[in-house]
Amino acid sequence: MPPATSATVVGKVSRALGSLLRGRSPLAERERRRAASAEARLFVERGRAALARGDVATAAAEAEAAEQVAPGSPGPAALRLAASRSAPIRGRGRDRALVKADLDDAAARLATLGHADPVLLLYHQPSPESPFHVLQYRRAWANGLAPLPLFDLADLDRIGELVPAGARVVLHLQWLNRVTAGAADEAEAAERVAAFGARLDRARVNGIPIVWTVHNVLPHDSGFEAADTSVRQAVVDRAALIHVMAAATPELAAPLYTIPPERTIHVPLPSFRGAYADIVDREAARYAIGVPADARLLAMVGGLRPNKGLGFLLDALDMAAVEDPQLHLVVAGNPSRATSVDDDLRRATANPRVTLHARKIEAEDLGLYLRASDVAVLPYAVTLNSAALMTALAFDLPVVCPPLGGIAETVNRDVAVTFTPGDVASLAAAIVATRGLDPATVRA
């Protein structure tokens, strides 16, 4: 062994022995403890956030995970104590199994409200961070229905042991993208579709009728179009009722699957007015998000996916700015991992006319972006229903949007300027044309 190497080894051994004699742990052990402590802090932070939104079950789970990596640490113990002293807000937990006590309580409450035929409405997929379910079900209890989130469809297979006597169950399907999401190939996607259909059949045999709300013709990021089409046809074939929010849905879906009119009802997407905090004025909002005080501000708010058209909007922004040099764009939303979205974000970062907040936007912050803005832009090439549209209108914003699906059925020339999907010049002209909209008329 070379002398330098021998000296290094001897030095390490000496330091380790010295640490032991002084009561200190060897370096590797200290590093392990530091890593465990950092991991425990992360669990505790997530648990505190869950506790703040009323999700006690998640907070307790995070405390347990923290205690496993850092036994005896005061942070996890304090979180566990706080969770044990906090009553949960139902519906806030994520991926939580159905609990018989919750179903019993829901049925009993309906009976107390005078509903002799209580119905437990299990809805899937839940979206706890969106106000959509709250808006859609806001009159459910008054009409004898208890809406309960169903995170895992496997719970349907044990529904007989959960539902109290005298109560009926209805399965309300919403988004269906999880059926094929993450499948390795078309064969696995097809297997998932078959298993999904079999589960629905078992539910029907158990006396559970199925209702479907159609949010989109196919998932925006569908990787298996044939399988995703089969999922929707499977649901249509088994559904007692199909709810469309855009009247044109059956026509738009017809090339892929058939929605029978005799089992279809049309109830439009509800207004989102009052669904988000709205307590800040224009100037304060602009300061908070860091946009120019004197800009004519465009807002693109919502999840950033390939179908949302950010790159298309950036092209139109530069074209429109020639005629309207005060234009500025704020982009706020959680980006997908698609390569095309990364390319668009790089372009946006380099454009001085763009302020970028490419991250998850908390519900309480959404109003900042919309109150700061003059116009909301929906640069979509394909869409059916748009919560972003209803949210923009709830904040009195005029909208630039394509005349597609439910959007075309909702807006008129007093509140919106439409453009030809995929036509950059048309989008640029629409952006410029919003200067002609009267703010008072838009608010009215």
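Check the entry above for the structure.
Residues numbered from 1 in each chain as written. Predicted model: local features only at pLDDT ≥ 70, side-chain atom pairs only at ≥ 80, totals over all residues. Heavy atoms only, no water.

Engineer: Please clarify how the sheet that holds strand S10 (residues 375-377) should be interpreted in this entry.
Structural biologist: Picture the strands of a sheet paired through backbone hydrogen bonds; they go either parallel or antiparallel. Spatial strand order, S9-S8-S7-S10-S11-S12: six strands in an open sheet with parallel pairing. This sheet does not close on itself; its edge strands, each paired only once, are strand S9 (354-357) and strand S12 (416-418). The sheet shows a mean angle of 20° between the axes of neighbouring strands, taken without regard to direction. Inspection of the sheet shows strand S11 (residues 399-401) paired to S12 by three bridges, in the parallel sense. Residue pairing across strands places Cys401 opposite Thr418, the latter belonging to S12. On the sheet, helix H11 (residues 310-321) packs against strand S7 (296-301), strand S8 (327-332), S9 and S10 and is oriented at approximately 165° with respect to S8. (Pairing = 2+ DSSP bridges. Helix = DSSP H or I, 4+ residues; strand = E, 2+ residues; numbered from the N terminus. Axes fitted to C-alpha atoms, helices over the stretch in contact; angles between N-to-C directions. Contact = heavy atoms within 4.5 Å.)

Engineer: Would you explain helix H16 (residues 424-433) in this entry?
Structural biologist: Among all positions in H16, only Ser426, Leu427, Ala428, Ala430, Ile431 and Val432 are buried. On its buried face, H16 sits against S7, H11, S8, S10, S11 and S12. For H16, the capping residue at the N-terminal end is Asp423, with a side-chain oxygen 3.1 Å from the backbone nitrogen of Ala425. (Buried < 20%, exposed > 50% of the residue type's maximum accessible area, 1.4 Å probe, protein only. Polar contact = N/O pair within 3.5 Å; in protein donor to acceptor, adjacent residues only side chain to side chain.)

Engineer: Quick question: what am I supposed to make of the packing of aromatic side chains here?
Structural biologist: Think of a pair of aromatic rings as described by two things: how far the centres are apart, and how the planes are tilted against each other in angle. Going through the model one piece at a time under the given rule, you end up with four aromatic pairs. Summarising the aromatic geometry, the rings of Trp212 and Tyr257 are spaced 6.2 Å apart at their centres and angled 45° between planes, so their arrangement reads as tilted. Placement of Trp212 in strand S4 (residues 210-214) and of Tyr257 in the loop between helix H9 (249-253) and strand S6 (264-266) is noted, with a sequence separation of 45 residues between them. The burial state of Trp212 is the same as that of Tyr257; both residues are buried. Between Phe312 and Phe419, the aromatic rings sit 6.0 Å apart at their centres with planes inclined by 50°, giving tilted as the arrangement. Of this pair, Phe312 sits in helix H11 while Phe419 is found in the loop between S12 and H16, placing the two residues 107 residues apart along the sequence. Comparing Phe312 with Phe419, the two get one shared label, buried. (Phe/Tyr/Trp six-rings, centres within 6.5 Å; stacked < 30°, edge-to-face > 60°.)

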